[in-house]
Amino acid sequence: MEDILSLEIEDMEKLDFNELVEKIEIVKNYFHKNDVDIEVAIKLYGKAVDLLAVARKKLINFKKEKEEIDKKYMEFLERIEKENEEELF
């Protein structure tokens, strides 16, 4: 838990998406225990919110990257289709 509690936003941003999810799972599992320390729990809750925010930001960036790739792919298909049409005439 200490490694999660010591994370700053900058540290979280350096983690890859899977590492972020792993840390969120650790926090989730902590809250499912019966002997939760309320002081630790509130600190972990704050870190979990930060981890989720960073993970969401990464997902948004992934979506943008995918849209760019899709756009390039569509341009490629259009170019191929145009070339094929030109060959027919």
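A brief report on the enclosed structure follows. Residue indices begin from 1 for each chain and proceed along its sequence in written order. Totals for whole chains, interfaces and linings use all residues, but because this is a predicted model, local features are given only for residues with pLDDT of at least 70 and pairs of side-chain atoms are given and counted only at 80 or more. Hydrogens are left out, water is left out, and the side-chain values use all remaining heavy atoms of the structure.

**Section: the overall build of the protein chain**
Where helices and strands are cited, they refer to DSSP runs of H or I of at least four residues and of E of at least two residues respectively, numbered from the N terminus. When you go through the protein chain residue by residue, the secondary structure sums to four helices and zero strands. For the protein chain, the sequential pattern of α-helices and β-strands runs α-α-α-α. We take the radius of gyration over the C-alpha atoms and set the globule estimate at 2.2 Å times the residue count to the 0.38 power. For a compact globule of 89 residues, the expected C-alpha radius of gyration is about 12 Å, and the protein chain comes in at 22 Å, more than 25% above that figure. Accessibility here uses a 1.4 Å probe with only protein chains present; expressed as a share of the type maximum, an area under 20% marks a residue as buried, one over 50% as exposed, and anything in between as partly exposed. The burial tally for the protein chain puts 19% of its 89 residues in the buried class. For the protein chain, the exposed surface amounts to about 7300 Å²; the carbon and sulfur share of it is 55%. Per-residue and other accessible areas were derived by the Shrake-Rupley procedure at a 1.4 Å probe size, with only the shown protein chains allowed to occlude residues.

**Focus on the side chain of K23**
Along the chain, the position of K23 falls in helix α3 (residues 17-31). Apart from residues lying up to four places away in sequence, K23 is in contact with D3, I4, L7, L15 and L51. Whether two residues are in contact is decided by their heavy atoms, any of which lying within 4.5 Å being enough.

**Here's the deal with a negative patch on the surface**
What goes into a patch is any residue over 30% in relative accessible area without a salt bridge, connected to like charges within 9 Å or, for nonpolar side chains (Val, Leu, Ile, Met, Phe, Trp, Tyr), within 5 Å. By definition here, a salt bridge exists when the distance from a side-chain nitrogen of Lys or Arg to a carboxyl oxygen of Asp or Glu is within 4 Å. Think of it this way: Lys and Arg go in the positive column, Asp and Glu in the negative one, and His and the chain ends go nowhere. Every charge is mapped onto a representative atom, which is NZ of Lys, CZ of Arg, CG of Asp or CD of Glu. Taken together, E67, E68, E75, E78, E81, E83, E85, E86 and E87 make up a surface patch of like negative charges. Turning to its location among the elements, E67 is positioned in helix α4 (residues 38-88).

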